[in-house]
Amino acid sequence: MIGSGGREHALVWKLALSPQVTQMWCAPGNAGIARERLAKNGSAVECVSIGAEDLPKLLAFAQEKKIDLTVVGPDNPLALGIVNLFQQHDLRIWGVNQKAAQFESSKVFSQKFMEKYGIPTAAAGTFSEAGPAKAFCASLGGKCVVKADGLALGKGVLICTNQTEAEKAVDEIMVSKAFGTAGARVVIQELLEGIEVSLHALCDGKTAKIFPTSQDHKRALDGDLGLNTGGMGTYSPTPFLSDAQLAETARRVLKPFMRGCVAEGIDYRGLLYPGVMLTKAGPKILEFNARFGDPETQVYLTRLENDLVELLDASVSGTLDKVELKWNPAASVCVVMASGGYPGNYTKGKPIHGLEDAAKLPDVKVFHAGTALKENQIVTNGGRVLGVTALGKDLKTAQAAAYAAVGKIHFDGAHFRRDIAAKALE
Ligand code: AMP
């Protein structure tokens, strides 16, 4: 496993349940990952201190250990071409190749693809000069979203409600180059209104299998206030899209997506995670991510009943058409506990108390995101620290169970939202 966040802990935990796994390493991992044991033989998952973007060292390690399957969590190694590199050396690896990773690494690429293949999205234009970009914003009455083309640590998307804000956003990205070369080109989309949901689909180059719905909570504070974060919590399923609407959305998005990939010579094997706005005019795609969401993974994998090794194997081999995804009908809720100050400045190294008490609660799994082991004590080591996840017969029960577990855990400055899944229960 490559990566070190909550998503990777959830993947490690689920893979460790597979009877097919006899040994597992995680680069670089975290304190929670290092505590996982394999169901097959009880052996520990070993964390190795190789960074997720250190491709040469990861390759050498996989060769030395003769690893049968490498699983990539985060987007950066995918965009750097780790899948192509491993394949060139005959190593089996799960994740999208570099060409497919462009859906996440270039907003211009994604927007043009969606338009070419008729995938429902926002009205948009792509620009490499500020003047025409501003004129396009004006044509939308200034109500628009200005997006830097390239990867900008999740910060390159500026939401504008009038022309003054829009011109400022264009200047920031294209003239002052606040995001460097990532802002050499921009996509400007109309500002869509509606409820945002996350979709996930596992793909094998030909077939795409849709997951149930989930919803992320991006803002730092209750009531969707405060700054944007990597995600403060999730739940699944969401009531905002019925099973029939999900199937219809999958048909309108995944079919043209897979068809477009084949036409463009993109072998899309891995996870596709579209961000969707449910507008009055139907679902519209805001962006594509080319990996599992974090913290969506935590709620999905606690509901998934299949052996994850089998699914990832089928995704690599192109045999997903022979597999049926099976989901626990229970609801899952994940509450992220973050360091005080996140997503701004925060301090690390705070001792975390109560993890054992939380783990004793039924149907609860505490996934670690930014944690480390220091002198036998688990301490905070990042902005998002834990993803406290619980299953329940319905959302309300799962939410209560997740917050009961959160209540057992303490660290100095701990910050979490108290309204994860609340919108769904209104
Ligand atoms: P993106 O990285 O493109 O998903 O954008 C980040 C966030 O900005 C999304 O999760 C939405 O909340 C918001 N956003 C992006 N595009 C739009 C749009 N066209 N209309 C409204 N909100 C948007």
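Just above, that's the structure.
Residues numbered from 1 in each chain as written. Predicted model: local features only at pLDDT ≥ 70, side-chain atom pairs only at ≥ 80, totals over all residues. Heavy atoms only, no water.

*Asks:* Before we move on, could you go through the packing of aromatic side chains and cite the residues and values that matter?
*Replies:* Aromatic ring pairs are defined here through the distance separating the ring centres and the angle between the ring planes. All chains considered together, the criterion is met by 20 aromatic pairs. Plain terms: the ring middles of Trp94 and Phe292 are 5.8 Å apart, the flat faces sit at 45 degrees to each other, and that makes the pair tilted. Of this pair, Trp94 sits in strand E5 (residues 93-94) while Phe292 sits in the loop between strand E18 (282-289) and helix H10 (296-303), and the two are 198 residues apart along the sequence. For the pair Trp94 and Phe292, a shared accessibility class is recorded, and that class is buried. Ring geometry for Phe103 and Phe288: centres 5.7 Å apart, planes at 85 degrees, overall edge-to-face. In this pair, Phe103 sits in helix H5 (residues 98-105) while Phe288 sits in strand E18, placing the two residues 185 residues apart along the sequence. (Phe/Tyr/Trp six-rings, centres within 6.5 Å; stacked < 30°, edge-to-face > 60°. Helix = DSSP H or I, 4+ residues; strand = E, 2+ residues; numbered from the N terminus. Buried < 20%, exposed > 50% of the residue type's maximum accessible area, 1.4 Å probe, protein only.)

*Asks:* Describe the packing of helix H1 (residues 6-16) against helix H11 (residues 308-317), with residues and values.
*Replies:* Packing of H1 against H11 brings their axes to within 8 Å, and their N-to-C directions diverge by 105 degrees. Regarding the angle of H1 to H11, the classification is roughly perpendicular. Contacts from Leu11, Lys14 and Leu15 in H1 reach Leu308, Val309 and Leu312 in H11. A per-class count over the contact of H1 with H11 returns 5 nonpolar, no polar and 1 charged. (Axes fitted to C-alpha atoms, helices over the stretch in contact; angles between N-to-C directions. Parallel < 35°, antiparallel > 145°, perpendicular 65-115°, else oblique. Contact = heavy atoms within 4.5 Å. Nonpolar A, V, L, I, M, F, W, Y, C, P; charged D, E, K, R; others polar.)

*Asks:* Residue-level account of the sheet that holds strand E1 (residues 2-3), with values.
*Replies:* Read from one edge to the other, the open sheet built from 3 strands follows the order E1-E2-E3, with strand pairing classed as parallel. Of all strands in the sheet, those bounded by a partner on one side alone are E1 and strand E3 (46-47). Both strand E2 (residues 25-28) and E3 contribute to a ladder of 2 bridges, which runs parallel. Looking at the pairing, Trp25 lines up with Glu46 of E3. (Pairing = 2+ DSSP bridges.)

*Asks:* A description of the site of the ligand should follow, citing residues and the corresponding values.
*Replies:* Within the structure, the ligand sits among 13 residues, and Lys147, Glu190, Leu192, Glu196 and Glu287 are positioned closest to it. Leu192 is positioned such that a nitrogen or oxygen atom in its backbone is 2.8 Å from a nitrogen atom of the ligand. Notes on the ligand: free accessible area 470 Å², of which the protein chains cover 87%. The set of elements that each furnish at least two residues to the shell around the ligand consists of strand E7 (144-148), strand E8 (157-160), strand E9 (186-190) and E18. Broken down by class, the residue content of the shell around the ligand amounts to 7 nonpolar, 1 polar and 5 charged. (Near = heavy atom within 4 Å. Polar contact = N/O pair within 3.5 Å; in protein donor to acceptor, adjacent residues only side chain to side chain. Areas by Shrake-Rupley, 256 points an atom, 1.4 Å probe, with all protein chains shown as cover.)

*Asks:* Account for the pairing of strand E20 (residues 364-368), with residues named and values stated.
*Replies:* The buried fraction of E20 amounts to 4 of the 5 residues, a majority that puts the element mostly inside the structure. In the sheet, E20 pairs with strand E23 (residues 384-392) via 5 bridges, with the strands oriented antiparallel. The residue of E23 that forms the bridge with Val366 is Val388.

*Asks:* Talk me through the pattern of salt bridges; I want residue IDs and the actual numbers.
*Replies:* Summed over all chains, the structure comprises 22 salt bridges. The shortest N-O distance in the salt bridge between Lys360 and Asp357 comes to 3.5 Å. In this pair, Lys360 and Asp357 both sit in helix H12 (residues 355-360), 3 residues apart, roughly one turn of the helix. A relative accessible area of 66% places Lys360 in the exposed class. Across the salt bridge formed by Asp419 and Arg417, the nearest N and O atoms sit 2.8 Å from each other. With relative accessibility at 17%, the residue Asp419 sits in the buried group. In this structure Arg417 comes out as buried when scored by relative accessible area, which is 1%. (Salt bridge = Lys/Arg side-chain N within 4 Å of Asp/Glu carboxyl O.)

*Asks:* Help me get a handle on the state of the cysteines, residues and values and all.
*Replies:* In total, this model carries 0 disulfides according to the counting rule given. Distance from the sulfur of Cys26, which forms no disulfide, to the nearest cysteine sulfur (Cys47) is 5.2 Å. (Disulfide = S-S within 2.5 Å.)

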